[in-house]
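Here are the chains, one letter per residue:
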Amino acid sequence: MSTASQVATHVPPADPAHPAVGAATSLLDTYAPGDHFLATPGRTLLARGTGRRVPHDGRPLTERVDATLAEAVAAGQESPVVMGAIPFDRTAPAALHVPATVSSAPPLASDPLIALPAGSSATADWRIRPVPEPEVYGEGVAAAVARMWRGEFSKVVLARTLELSSDAPLDLPAMLQRLARRDPSGYTFALPTGPARTLIGASPELLVSRRGNQVVSNPLAGSTPRSDDLAEDVRRAATLLESVKDLHEHAVVVDAVHQALAPHCTGMTVPARPTLIRTATMWHLSTTVTGTLTSPGTSALDLAMALHPTPAVCGTPTRTARQVIAETEPFDRGFFTGVVGWGNAEGDGEWVVTIRCAEAEERTLRLYAGAGVVAASEPEAETAETGAKFRTFLSAVGAEL
């Protein structure tokens, strides 16, 4: 019998100080396509069964979510939880559900069994097609930089994709295992977004969380690839902390987060300088913003929608950046640079920026990676940064550029 708890849809506070060995990894091992899986530094969740789907209509998303949770409560569902994904385009349909059951466990990082290897999966013969080609992406970066020097806007995040296809069916559980075990302290997810479609990834970035009246946001902006050589890896981290270009990019994002949360919080703490966080492939400038909620009626999802999209995934000014993205990127972002997470009827929840991800369907994967472009950006460097960010998912599927 699993040591994880399984209840209707109750998500109890995690207790990392007293983890049950194997509780979190048992949920990871149990995942099957169609399930909702989400692992955060606070908890591990595995949900099954679409009890209720949040409808897509003319009401604001937060209102639709609140109504769906209220319906679940009225129907006798104990402590219902909404889980799923919200797209980059706020007007597009979200993939949010109130599952029939949710199993919960402490965070993956607190489970000693997460250190065990993920195991091998069948080797796929991947066909990889970049969209756009790296050279074309670089041209888009150069064009955006030229417009910034003319004073049209100050930042835009431009993305590119890799389309992977294989003759063999996708092994989503194996991909999820590799993503989770490589960065167990991050935010790992596999969420259904349509018939036979799954959004899967491992994001390092918390958009916002709410627990009671405590609010936390952890914006990331400014990145550099890691190195396998320890001395070089440390040098890159130190250089990032002193990079004028990256510090400016980061400050723009932190200021935007502060301004968005300030109407909802008191006693906000915004550190003057960023620190560093690392994933298996990247160093990121990081700032943890905290505050105390002024109104108990403001949910974690309310806060997430007040923040989304931040300049870290879109740019500034937001409206102009969105237009530049639409003119430059030859694809629909879908759920990339959207939001994934969970929330309950009491307003608590965790919502994460959807990066380091792929959309899986049948025998194809579409991987996404973006880079923040400012006036000091160089096309070659931004192209290399997106290439490094692809490594998170490429390593999970055994593919190489």
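The notes below deal with the structure included here. (Residues numbered from 1 in each chain as written. Predicted model: local features only at pLDDT ≥ 70, side-chain atom pairs only at ≥ 80, totals over all residues. Heavy atoms only, no water.)

### Brief notes about the overall build of the chain
Right, so step 1: In terms of helices and strands, the chain carries nine helices and 21 strands.
Right, so step 2: For the chain, the C-alpha radius of gyration of 20 Å lies close to 21 Å, the compact-globule estimate for 401 residues.
Right, so step 3: Taken along its principal axes, the extent of the C-alpha atoms in the chain is 60 × 50 × 40 Å.
Right, so step 4: Intrachain contacts of the chain at a sequence separation of at least 6 include 75% that bridge at least 24 residues.
Right, so step 5: Counting every atom, the chain has about 16400 Å² of accessible surface; 54% of that belongs to carbon and sulfur. (Helix = DSSP H or I, 4+ residues; strand = E, 2+ residues; numbered from the N terminus. Rg over C-alpha atoms; globule rule 2.2 N^0.38 Å. Contact = heavy atoms within 4.5 Å. Areas by Shrake-Rupley, 256 points an atom, 1.4 Å probe, with all protein chains shown as cover.)

### A closer look at helix 5 (residues 230–242)
Right, so step 1: Taking 1.5 Å of rise per residue, the 13 residues of helix 5 would be expected to cover 18 Å, and the 19 Å separating its terminal C-alpha atoms lies within 8% of that figure.
Right, so step 2: All buried positions along helix 5 are accounted for by D233, A237 and L240. One face of helix 5 carries all of its buried residues, which in axial projection span an arc of 65°. Exposed side of helix 5, more than 90 degrees from the buried face: A231 and E242 are the residues found there.
Right, so step 3: The elements touched by buried residues of helix 5 are strand 12 (220–225), helix 6 (244–261), strand 14 (275–278) and strand 15 (282–286). (Expected span 1.5 Å × (residues − 1). Buried < 20%, exposed > 50% of the residue type's maximum accessible area, 1.4 Å probe, protein only. Arc of directions from axis to C-beta.)

### Re the sheet that holds strand 15
Right, so step 1: In space, the three strands of this open sheet follow the order 12-15-14, with antiparallel pairing throughout. Lying at the two open borders of the sheet, with one neighbouring strand each, are strand 12 and strand 14. The mean inter-strand angle of the sheet, taken between neighbouring strand axes irrespective of direction, is 30°.
Right, so step 2: Pairing of strand 14 with strand 15, which is carried by four bridges, proceeds in the antiparallel orientation. Within strand 15, the residue paired with I277 across the bridge is H284.
Right, so step 3: Each of strand 12, strand 14 and strand 15 touches helix 5; the most contacted strand, strand 15, lies at about 25° to it.
Right, so step 4: Across the sheet, helix 6 lies against strand 12 and strand 15, angled at about 150° from strand 12, the strand it touches most. (Pairing = 2+ DSSP bridges. Axes fitted to C-alpha atoms, helices over the stretch in contact; angles between N-to-C directions.)

### Regarding empty space enclosed by the protein
Right, so step 1: One pass over the full model with this rule turns up five cavities of 30 Å³ or more.
Right, so step 2: Roughly 230 Å³ of internal volume is contained in the largest cavity.
Right, so step 3: Broken down by secondary-structure element, the contributors of at least two residues to the lining of the largest cavity are strand 7 (155–165), strand 12, helix 6, strand 21 (364–373) and helix 9 (379–397).
Right, so step 4: Looking at which element gives the most residues to the lining of the largest cavity, the answer is strand 12, with four residues.
Right, so step 5: Of the residues in the lining of the largest cavity, the class split is eight nonpolar, six polar and eight charged.
Right, so step 6: For the second largest cavity, the calculated volume is near 50 Å³.
Right, so step 7: Taken together, H56, L61, R64, I86, P87, R90, T91, A92, A94 and M305 form the lining of the second largest cavity. (1 Å grid on protein atoms, 1.4 Å probe; cavity = no way out; pocket = protein on both sides within 12 Å on 5 of 7 lines; lining within 4 Å. Points joined across faces, edges and corners; volume = space filled by probe spheres on them. Nonpolar A, V, L, I, M, F, W, Y, C, P; charged D, E, K, R; others polar.)

### So, the pairing of strand 19 (residues 349–353)
Right, so step 1: Among the five residues of strand 19, five are classified as buried, and the element is accordingly described as predominantly covered.
Right, so step 2: Residues of strand 19 alternate between two faces, with G349, W351 and V353 on one and E350 and V352 on the opposite face, all of them buried.
Right, so step 3: Note: strand 10 (residues 206–211) against strand 19, four bridges, orientation antiparallel. In the sheet register, L206 faces strand 19, and the bridge partner there is V352.
Right, so step 4: Remark: four residues form the turn of the hairpin made by strand 18 (residues 339–344) and strand 19, two consecutive strands paired antiparallel; G347 in that turn has positive phi of roughly 100°.

### Examining the environment of R64
Right, so step 1: Here R64 shows up in helix 2 (residues 61–74).
Right, so step 2: Here the side chain of R64 touches P55 through a polar contact of 2.8 Å, landing on its backbone oxygen.
Right, so step 3: At a separation of 2.9 Å, a polar atom in the side chain of R64 contacts the main-chain carbonyl oxygen of R59. (Polar contact = N/O pair within 3.5 Å; in protein donor to acceptor, adjacent residues only side chain to side chain.)

### Some remarks on the side chain of H250
Right, so step 1: Structurally, H250 is set in helix 6.
Right, so step 2: Excluding its chain neighbours within four sequence positions, the residues that come into contact with H250 are P219, L220, A221, P274, L285, S286 and T287.

### Notes on the pattern of salt bridges
Right, so step 1: Scanning the model with the defined rule gives 23 salt bridges in all.
Right, so step 2: Of the charged contacts, one joins R64 and D57 as a salt bridge, the two residues approaching to 3.6 Å between their closest N and O atoms.
Right, so step 3: Beyond isolated ion pairs, a larger network of salt bridges with shared partners links K155, K245, D246, E249 and E382. (Salt bridge = Lys/Arg side-chain N within 4 Å of Asp/Glu carboxyl O.)

### Some points on a nonpolar patch on the surface
Right, so step 1: Together, V21, L113 and L116 make up an exposed nonpolar region whose accessible area comes to about 260 Å².
Right, so step 2: Examined against the element boundaries, L116 turns out to sit in the loop between strand 5 (95–105) and strand 6 (127–131).
Right, so step 3: Take L116: its relative accessible area is 49%, and that puts it in the partly exposed class. (Patch = residues over 30% accessible without salt bridge, like charges linked within 9 Å, V, L, I, M, F, W, Y side chains within 5 Å.)

### Some words on unusual backbone geometry
Glycine aside, negative phi is the norm for most residues, and most peptide bonds take the trans geometry.
Right, so step 1: Note the cis peptide between V131 and P132, where omega equals -5°.
Right, so step 2: Relative to the elements of secondary structure, P132 occurs in the loop between strand 6 and helix 3 (134–149).
Right, so step 3: Between T316 and P317 the backbone carries a cis peptide bond, its omega angle lying at -5°.
Right, so step 4: Here P317 shows up in the loop between strand 17 (315–316) and helix 8 (318–328).
Right, so step 5: The backbone phi angle of S79 is positive, close to 45°, even though this residue is not glycine.
Right, so step 6: Position of S79 among the secondary structure elements: in the loop between helix 2 and strand 4 (81–86).

### A closer look at the packing of aromatic side chains
Right, so step 1: According to the stated counting rule, one finds two aromatic pairs in the structure shown.
Right, so step 2: Through a chain of ring-to-ring contacts, three or more aromatic side chains come together here, namely F331, F336 and Y368.
Right, so step 3: A cation over a ring is seen here: R226 above W283, with NZ or CZ 5.0 Å from the ring centre.
Right, so step 4: The ring of F88 carries the charged tip of R333 above its face, separated from the ring centre by 4.6 Å. (Phe/Tyr/Trp six-rings, centres within 6.5 Å; stacked < 30°, edge-to-face > 60°. Lys NZ or Arg CZ within 6 Å of the ring centre and 35° of its normal.)

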